[in-house]
Every structure is written in C-alpha cells, then in structure tokens.
Amino acid sequence: MKILAIETSCDETSVSIVEDGKRILSLATYSQIEIHKDFDGVVPEIASRNHLSKLIDVLENSTKNLTLNEIDCFAATNGPGLVGSLLVGTNAAKTLALIFRKPYIPVNHILSHMYAPHIENQIDFPYIGLVASGGHTILFKVSSFHEIEFLGSTIDDAIGEAFDKIAKFLGLGYPGGPIIDKISTNGKIDLTNNFSNITLPLSDEKDRYNFSYSGLKTAIIYRVKKMNLNEEVIKHVVKNFQFLAIEHLLDKTLNALNDFRLNRLVISGGVSANSYLRKRLEDIKKEKKIEVYTASLKLCSDNAAMVAGRAYVDYLKNPSIFSEESFKDSVFSRLSFIKKGKRG
Ligand code: KG4
Ligand code: ZN
C-alpha cells in the first residue's frame with residue numbers, strides 16, 4: 001500500500017510516499033530555517049505563508065517517479081503544531097483524497113515521531129518510547145502501535161526548546177540544537193567551578209518520569225551573565241549545558257526502563273540526532289544490555305516519511321473509519337448543512 005503524506009506542523013514542508021510503512025519511495029523536504037533564522041525562532045504567520053507557497057513544488061519533487069493515481073491513501077499531520085501551518089497540509093491532503101477518491105488519514109505528530117525508528121528497524125514490543133523534540137519531551141510505555149501508556153513529560157520547556165533558548169541567549173543562531181552539538185565537541189565538562197551547584201531537577205518520586213528544562217536554562221544564563229564570554233568560554237558553557245540536559249533526559253528514561261523491567265528503548269524527535277546523546281546511548285546499550293533504537297538523522301527531525309508510516313499502521317488497525325465514503329460523508333454532510341443554512 002502506497003501512502004502519500006504531508007507534514008507542515010512547524011517549519012518544514014515535507015512530502016513523502018512510503019510503501020507498507022517501510023519502503024520510502026520518495027521524500028522531499030523544504031526547510032524554512034534560513035527564513036526564521038533572523039528571528040531566532042519560528043514565526044507562525046511566516047511559517048504558514050511559506051508552506052502555502054512551497055507545498056506544490058515539494059509535492060511535485062516527491063511525485064517525480066510516480067503518478068498520483070498510484071497512491072492508495074493520502075495523509076497529513078493534523079496536530080499538535082502551528083494551526084495555520086497544519087491547515088495548509090491537512091487541506092492539501094484532503095483535497096487530493098477527494099480528487100483521487102481515496103481515503104484521507106489524519107496523523108498525530110508525536111505518534112509520527114515515535115514511528116520514525118520503525119521505518120529502518122524491526123522493533124519488537126513492548127518498549128519505553130521517548131520523544132525529544134523542540135515542542136515535546138515525553139516518555140511512554142509502548143505495548144503495541146495502539147496500546148501506548150503516557151508516563152510523563154516536561155513540566156515546562158521541551159529539551160529542544162532549551163537548546164534553542166540557550167543558543168539564542170549566547171547569540172549562536174537558530175536552531176540551537178545542532179549548533180550547540182557542533183560547538184560543544186571542543187568544550188570541557190567541568191561541574192566544579194562555574195557550573196557547580198547545578199543539580200538535576202525533579203528528583204521527587206511523583207516526578208519520576210517528568211522532565212524540567214526551564215530551571216536549567218535559567219541557571220546557565222545566570223552563570224553566563226557573570227562570565228567574560230569569548231569563543232573558548234562559550235564552548236565550555238554549551239558543553240556543560242548539553243551534558244546536564246542530556247543526563248536529565250537519560251535519568252528519567254532509565255527510571256522508566258528499570259521500573260517496567262524493560263530492556264528496549266526507542267528514541268525519536270529532533271534532539272535524538274544529538275551526538276552526545278547517541279554516544280551515551282551506545283554506552284548504555286553495552287553496560288545495561290538494552291536494545292536502543294533511533295532513526296537515521298534525516299528521519300529524526302520533522303519529515304513526511306514518518307507521517308506516512310504512522311498513517312499506515314493507523315489505517316491497518318481500522319480501515320473502515322478512513323474509507324472514502326466516510327470521509328466524503330463527513331465533508332459533504334457539513335457542506336450540505338451550509339447550503340441549507342443550518343449550523344453543523
Ligand atoms: O522534531 P523536530 O524537528 O521538531 C519538533 O517537533 O519540535 O525538533 C526540532 C528540535 C529543535 O529544538 C532543535 O534545536 C533540536 O530539535 N535539535 C537538536 C539537534 N538537532 C535538532 N538538539 C540537540 N542536538 C541536535 N543535534
Ligand atoms: Zn516534530
């Protein structure tokens with residue numbers, strides 16, 4: 001089954017065709033990073049306008065070797081995300097579904113991230129799933145694609161958001177994660193001097209699976225204000241921030257693995273590209289004999305292949321709720337209400 005999916009939840013316009021949730025037949029992504037760089041973050045209004053102007057080009061790039069007639073279902077991210085941006089992708093996918101008389105599958109963005117490592121790996125259930133991105137930091141116990149137990153999440157900033165805010169404060173640019181990752185390779189972890197007394201947050205039992213990044217961000221900024229900054233010092237600042245942020249992430253994740261006696265971990269989202277995190281995961285794999293799965297770098301950040309993959313498992317679970325008839329019914333019945341002057 002070939003699914004064409006559209007992802008426009010934030011600042012990436014992405015279209016992909018994936019066969020049976022596994023084989024990526026095409027993946028075209030246009031990133032708006034260059035546009036938002038000047039603002040040190042994503043500007044929602046600018047993001048949605050750029051999705052509008054780029055989507056057709058990206059769609060054409062993704063369908064070079066296939067005709068749209070060959071697509072079995074159309075899917076799009078329908079949330080969470082920036083509402084104006086989501087509307088561009090969902091309306092385009094719904095329109096294609098109507099034109100080609102195929103099912104339309106709305107897909108949850110967090111579940112798509114969780115699916116990404118499944119594209120290239122054969123992963124058994126159950127496992128502990130961690131989504132670490134710019135908007136989310138969430139731990140789940142995953143027993144199947146459809147039995148997912150929420151364990152905990154950030155109580156304030158997401159981890160990627162903290163990377164972005166620290167980079168912004170230091171004038172390093174946007175997005176902060178990859179920049180800090182790169183710069184910190186030459187920094188030194190030293191928690192004795194400038195970074196002493198920064199303890200990892202939420203050690204209470206009730207917060208066993210929760211995260212917090214706002215306090216860490218403020219603690220780093222507070223210390224930086226007292227330092228004479230230069231390139232060399234910045235390398236150490238970001239190295240220590242990255243160390244603390246990632247160790248906090250792993251701390252809570254290991255709590256969940258231990259408590260549920262699971263030895264399988266699946267990590268996804270933009271921050272799962274972080275090289276220090278990946279190095280630590282290699283250590284943990286060996287030390288604790290845990291299977292660890294991540295997606296390849298191009299599938300860590302927002303992309304439509306993971307949306308098509310998740311759409312496939314959602315469709316298989318209950319094809320009838322996505323049938324062309326039920327989709328048409330819902331769209332046209334609402335339209336008929338409008339014609340009759342009734343509120344639907
Ligand atoms: O998953 P994603 O593309 O979008 C959201 O759904 O949020 O994640 C973007 C986030 C940004 O905050 C970015 O700074 C962070 O992922 N990120 C990284 C790295 N690459 C991207 N954070 C740390 N290290 C990286 N290498
Ligand atoms: Zn995302």
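The sections below set out a description of the structure shown in this document.

Cut-off values and rules
Residues numbered from 1 in each chain as written. Chains lettered and ligands numbered in written order. Predicted model: local features only at pLDDT ≥ 70, side-chain atom pairs only at ≥ 80, totals over all residues. Heavy atoms only, no water. Donors = N, O, S within 2.8 Å, 3.2 Å for Na, K, Ca; no water. Tetrahedral: all angles 85-135°; square planar, octahedral: opposite > 155°, others 65-115°. Helix = DSSP H or I, 4+ residues; strand = E, 2+ residues; numbered from the N terminus. Pairing = 2+ DSSP bridges. Axes fitted to C-alpha atoms, helices over the stretch in contact; angles between N-to-C directions. Salt bridge = Lys/Arg side-chain N within 4 Å of Asp/Glu carboxyl O. Buried < 20%, exposed > 50% of the residue type's maximum accessible area, 1.4 Å probe, protein only. Phe/Tyr/Trp six-rings, centres within 6.5 Å; stacked < 30°, edge-to-face > 60°. Lys NZ or Arg CZ within 6 Å of the ring centre and 35° of its normal. Contact = heavy atoms within 4.5 Å. Near = heavy atom within 4 Å. Polar contact = N/O pair within 3.5 Å; in protein donor to acceptor, adjacent residues only side chain to side chain. Areas by Shrake-Rupley, 256 points an atom, 1.4 Å probe, with all protein chains shown as cover. Nonpolar A, V, L, I, M, F, W, Y, C, P; charged D, E, K, R; others polar. Core = buried A, V, L, I, M, F, W, Y, C linked by side-chain atoms within 4.5 Å.

### Describing the coordination of the zinc ion (ligand 2)
Point 1. Bound to the zinc ion (ligand 2) on the protein side are H109 (NE2), H113 (NE2) and D302 (OD), at distances that span 2.0 to 2.1 Å.
Point 2. Classification of the site at the zinc ion (ligand 2) as tetrahedral follows from its 4 donor atoms and the range of 95 to 130° in their angles at the metal.
Point 3. Sequence positions of the donors to the zinc ion (ligand 2) reduce to the motif H-x3-H-x188-D. Of this pair, H109 sits in helix α4 (residues 109-120) while D302 sits in the loop between β10 (291-294) and α10 (304-317), placing them 193 residues apart in sequence.

### Details of the sheet that holds β10
Backbone hydrogen bonds hold the strands of a sheet together, and the pairing may be parallel or antiparallel.
Point 1. Spatially, the 5 strands line up as an open sheet ordered β8-β7-β6-β9-β10, and their pairing is mixed. Edge positions in the open sheet fall to β8 (147-153) and β10, since each of these has one partner strand only. Within this sheet the neighbouring strands show an average axis-to-axis angle of 20°, counted without direction.
Point 2. Bridge count for strand β6 (residues 127-132) against strand β9 (residues 264-268) is 4 bridges, and the pairing is parallel. Across the sheet, residue V131 finds its bridge partner in β9, namely S268.

### A closer look at the sheet that holds strand β2 (residues 12-19)
Point 1. In spatial order, the strands read β3-β2-β1-β4-β5; together these 5 strands make up an open sheet with mixed pairing. The two strands at the open ends of the sheet, each matched to only one other strand, are β3 (23-31) and β5 (104-108). This sheet shows a mean twist of 20° between the axes of neighbouring strands, independent of strand direction.
Point 2. Note: strand β1 (residues 2-7) against β2, 6 bridges, orientation antiparallel. Considered in β2, the bridge of I3 is made with V18.

### Some remarks on the pattern of salt bridges
Point 1. One pass over the structure, following the stated rule, counts 15 salt bridges.
Point 2. When the shortest N-O distance is used, the salt bridge between E45 and R49 registers 2.7 Å. Of this pair, E45 and R49 both sit in helix α2 (residues 44-62), 4 residues apart, which is roughly one turn of the helix.
Point 3. Among the residues examined, E45 registers a relative accessible area of 45% and is labelled partly exposed.
Point 4. One network of salt bridges, with partners in common, ties together D157, E161, K165 and K217.

### Thoughts on the packing of aromatic side chains
Point 1. Taken as a whole and judged by the stated rule, the model has 9 aromatic pairs.
Point 2. Seen from their ring centres, F140 and F150 are 6.3 Å apart, and the 75° between their planes marks the pair as edge-to-face. With a gap of 10 residues between them, F140 in strand β7 (residues 137-144) and F150 in strand β8 connect regions that are remote in the sequence.
Point 3. A cation over a ring is seen here: K54 above Y30, with NZ or CZ 4.9 Å from the ring centre.

### Brief notes about the side chain of T63
Point 1. The residue T63 is located in the loop between α2 and β4 (73-79) in this model.
Point 2. In this structure T63 comes out as buried when scored by relative accessible area, which is 14%.
Point 3. For T63, the contacting residues outside a window of four places in its chain are L4, I17 and L68.

### Considerations on the pairing of β1
Point 1. Of all 6 residues in β1, 5 are buried, a share of seventy percent or more.
Point 2. In textbook terms, the turn of a hairpin is the stretch between consecutive antiparallel strands, and for β1 and β2 this stretch comprises 4 residues.

### Brief notes about the site of ligand 1
Point 1. Around ligand 1 lies a shell of 19 residues, among which G134, D164, G177, D181 and G270 are the nearest.
Point 2. Note that an oxygen atom of ligand 1 is positioned 3.2 Å from one of the side-chain N or O atoms of H113.
Point 3. Note that an oxygen atom of ligand 1 is positioned 3.2 Å from one of the backbone N or O atoms of G135.
Point 4. The protein chains hide 88% of the 560 Å² of surface that ligand 1 would expose on its own.
Point 5. Of all elements in the fold, only α4, α5 (159-169) and α6 (176-183) reach the threshold of two or more residues within the shell around ligand 1.
Point 6. Broken down by element, the residue count for the shell around ligand 1 peaks at 4 residues, all from α6.
Point 7. When the residues that make up the shell around ligand 1 are grouped by side-chain class, the tally is 4 nonpolar, 12 polar and 3 charged.

### Description of the nonpolar core
Point 1. I159, I220 and F241 are the most contacted members of the largest nonpolar core, which has 46 residues in total.
Point 2. Among the elements of the structure, β6, α5, α7 (214-224), α8 (231-259), β9 and α9 (275-288) are those that each provide at least two residues to this core.
Point 3. Leaving out residues up to four positions away in the same chain, I220 has contacts with I166, F195, I198, V237 and F241.
Point 4. L299, C300, A304 and A305 belong to the second largest nonpolar core, which has 24 residues in total.

### Re the side chain of N210
Point 1. In this fold, N210 is placed in the loop between α6 and α7.
Point 2. Reaching out from N210, the side chain makes a polar contact with the backbone nitrogen of S153 at a distance of 3.1 Å.
Point 3. A polar contact is formed between the side chain of N210 and the side chain of D207, at a distance of 2.9 Å.
Point 4. Here N210 is in contact with G152, S153, I155, L202, H248 and K252, once residues within four sequence places are set aside.

Shape descriptors only; they carry no functional weight alone.
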